[in-house]
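# Observations on chain architecture
If you want the building blocks of each chain, they are given just below.
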Amino acid sequence: MILMAIDHVRVYSGLPAGGPTAGIFFTRWITHFCAPAFIFLAGTSIFLYARKHSDVSRYLLIRGAWLIFLELTFLRVAWTFNFDFLHYELAGVIWVIGICMILMAGLVKLPLSVVGTIGVVIIAAHNLMDSHMGKLLEGLNNNPLSGLWKILYVGFFAGPIQFGSDGPNLIVLYSIIPWIGVMAAGYAFGKILTLEPAQRKRLCLTIGLLAVGLFLVLRGFNLYGDPRPWHAAAQGWNGAPPMPALFAFLNTTKYPASLSFLLMTLGPMIALIPLLEGLGGGVARRISLFGRVPFFYYMLHIPLIHALALVVSKVRLGFVSPWLFTNHPMGNPEPPEGYVWSLPLLYLIWGIAIVLLYFACRWFAALKAKRSDWWLQYL
């Protein structure tokens, strides 16, 4: 959650999403671990919730619909600070978590082993579509099912979904596949977290390191798992400028998330669980506070970062740039000349945002501890 905020500050800094320098590349790359961890552990949370509640499917349907609604309303305004709903909507990470929760409302009726198998198969097999993607994209917008294809798998590469000749555009950043597979696998992973500590830690370390090892083999030899071979990217992929070999190797495909991307991110995350779960002390307590109120944090951090960007613009330029009221993060134009921040400024604003969020989250965590109102679970 703390790392995620780096990339969302970057959105308003005007800096590109990766490259060409090492600082900019790794500023983006380190945040790749966030979405896979959120969605995988959301599945785990569903498993743990189901151990104590009988209304799992109903809860997931309501929760999922609520997340989709907030993505298309509150978060859309928070990202853009404009109300031009007619021309721009974004199906982001909260959208896809909501969609996947609705699908999980049905999947939880199946045996745990079946749900886990479905998840792993989707994660591992969806890159079989790579060789067919070019043909699929050709003329997709003329297909009456083009919108469904974009939501299911293609995403924004074939353009936004147009609702009517004058209706709103929906840019699909996170498609259902492979993320429903990630959530389903995370649901099955919940069983591991209920085992006795020694066995749990051993399995987490084994699964995590095996995933990292598989990533190194598949990616290193360009065997399977990503539509962009790293050696081609190093030489210049489809007319793009060449990348340093290390950047090309780590520059796996996030939209839709490739097998290599998920092995690269979920593997270390799972392996780190045994190392992190026993941490104590003041720093660990403060970090874990964010995890006690994760959705409150998410809903607050985007408008806060956006507001801080307005302040930075006023201080640096003497006025608030109109660019900050365009359709971030996917429909915005290039930043105006002289606007782009330096990396140190990006990290300074990130640090300020985290400090401010800490105090807000501490207040809300205390509120949750004192009260049990039904509506609090939806924040």
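Up top is the structure.
Residue positions within a chain follow its written sequence, with the count starting from 1. Since the coordinates come from a predicted model, pLDDT governs what is reported: local features require at least 70, and pairs of side-chain atoms require 80 or more to be given and counted, while whole-chain, interface and lining totals use all residues. The side-chain values count all of the structure's non-hydrogen atoms but skip hydrogen atoms and water molecules.

## Some remarks on the nonpolar core
Stated precisely, the cut-off is as follows: Think of a nonpolar core as a cluster: buried Ala, Val, Leu, Ile, Met, Phe, Trp, Tyr and Cys residues, connected wherever their side-chain atoms sit within 4.5 Å. Under the scheme applied here, a residue whose accessible area is under 20% of the maximum for its type counts as buried, over 50% as exposed, and between as partly exposed, the area being computed with a 1.4 Å probe on protein chains only. Only DSSP runs of H or I with at least four residues qualify as helices, and only runs of E with at least two residues qualify as strands; both kinds are numbered from the N terminus onward.
By size, the foremost hydrophobic cluster in this structure holds 111 residues, and its most contacted members are Leu60, Met104, Trp179, Met183 and Trp341. Ranked by residue count, the leading element in this core is helix α17 (residues 343-370), at twelve residues. Residues Leu140, Tyr153, Val154 and Ala158 belong to the second largest nonpolar core, which totals six residues.

## Some remarks on unusual backbone geometry
Of the consecutive residues Ile177 and Pro178, the connecting peptide bond is found in the cis state with omega at 10°. Within the secondary structure layout, Pro178 lies in helix α10 (residues 176-193). Here the bond from His328 into Pro329 is cis, since omega is 0°, no more than 30 degrees from zero. Structurally, Pro329 can be placed in the loop between α16 (294-317) and α17. Positive phi outside glycine occurs at Asn222, with the angle close to 50°.

## Regarding the packing of helix α15 (residues 281-292) against α17
Condition: With axes taken as lines fitted to C-alpha atoms, and helix axes fitted only over the stretch in contact, angles between N-to-C directions fall between 0 and 180 degrees. Crossing handedness: left-handed means the near helix sits turned counterclockwise from the far one by under a right angle, and right-handed means the same turn made clockwise. Any two residues having at least one pair of non-hydrogen atoms within 4.5 Å are treated as being in contact. Each residue gets one of three labels, nonpolar for Ala, Val, Leu, Ile, Met, Phe, Trp, Tyr, Cys and Pro, charged for Asp, Glu, Lys and Arg, and polar for the others, Gly among them.
In contact at an axis separation of 9 Å, α15 and α17 are set at 65° when each is read in the N-to-C sense. The way α15 lies across α17 gives a crossing that is left-handed. In this structure, α15 contributes Arg286, Leu289, Phe290 and Arg292 to the contact, and α17 contributes Ile354, Leu357, Tyr358, Cys361, Arg362, Ala365 and Lys368. Broken down by class, the residue content of the contact of α15 with α17 amounts to seven nonpolar, no polar and four charged.

## Considerations on the sheet that holds strand β3 (residues 169-172)
Defined as follows: Any two strands between which DSSP finds at least two bridges are classified as paired.
Sheet architecture is open: three strands sit in the order β1-β3-β2, paired in mixed fashion. Each having just a single partner strand, β1 (89-91) and β2 (161-162) make up the two edges of the open sheet. Here β2 pairs with β3 via two bridges, running antiparallel. By the bridge assignment for β3, Ile161 is matched with Leu170.

## Describing the pattern of salt bridges
Short version of the rule: Salt bridges, as used here, are contacts in which a Lys or Arg side-chain nitrogen is within 4 Å of a carboxyl oxygen on Asp or Glu.
This structure, assessed with the given rule, holds five salt bridges. Note that Asp7 is salt-bridged to Arg28, the shortest N-O span being 2.6 Å. With Asp7 in helix α1 (residues 2-13) and Arg28 in helix α2 (residues 22-29), this pair connects stretches of sequence that are 21 residues apart. When its relative accessible area of 9% is taken as the criterion, Asp7 is described as buried. Across the pair Arg200 and Glu277 runs a salt bridge, and its minimum N-O distance is 2.7 Å. Placement of Arg200 in helix α11 (residues 197-220) and of Glu277 in the loop between α14 (259-276) and α15 is noted, with a sequence separation of 77 residues between them. Given the relative accessible area of 14%, Arg200 is considered buried. Look at the salt bridges and you will find they share partners, linking Asp7, Arg10 and Arg28 into a network.

## Comments concerning the packing of aromatic side chains
Just so we agree on the cut-off: Aromatic rings from Phe, Tyr and Trp, taking only the six-membered ring of Trp, are treated as a pair when their centres fall within 6.5 Å; an angle between ring planes under 30 degrees marks them as stacked, one over 60 as edge-to-face, and anything in between as tilted.
With the rule as written, the count across this model stands at 25 aromatic pairs. Taken together, a centroid distance of 4.6 Å and an interplanar angle of 20° make the contact between Tyr49 and Tyr59 stacked. Placement of the pair is Tyr49 in helix α3 (residues 34-50) and Tyr59 in helix α4 (residues 56-72), with a sequence separation of ten residues. A residue is classified by how much of its surface remains accessible, and Tyr49, at 19% relative accessible area, is buried. Judged by its relative accessible area of 15%, Tyr59 falls in the buried class. Ring geometry for Phe290 versus Tyr358: centroids 6.2 Å apart, planes at 80°, classification edge-to-face. Here the residue Phe290 occupies a position in helix α15, and Tyr358 occupies one in helix α17, the gap between them amounting to 68 residues. Clustering of aromatic rings is evident, with ring pairs tying together Phe25, Phe26, Trp29, Phe33 and Phe247.

## Describing the side chain of Ser57
Structurally, the position occupied by Ser57 is in helix α4. Once residues within four sequence positions are removed from consideration, Ser57 is found in contact with Ala105, Val108 and Lys109.

## Quick word on α11
Defined as follows: Between the first and last residue of a helix there are one fewer steps than residues, each counted as 1.5 Å, and that sum is the expected span. We call two N or O atoms a polar contact when they sit within 3.5 Å, provided that within protein one can donate a hydrogen and the other can accept it, with sequence-adjacent residues counted only if both atoms are side-chain atoms.
Counted at 1.5 Å a residue, the expected span for α11 with its 24 residues is 34 Å, and the 34 Å between its end C-alpha atoms agrees. Every buried residue belonging to α11 is among Arg200, Cys204, Gly208, Ala211, Phe215, Leu218 and Arg219, and all of these are buried. Considering only its buried residues, α11 is in contact with α10, α12 (230-235), α13 (245-250) and α14. Capping of α11 at its N-terminal end is provided by Glu196; its side-chain oxygen lies 3.1 Å from the backbone amide nitrogen of Ala198. Just beyond α11, the residue with positive phi is Asn222, at close to 50°.

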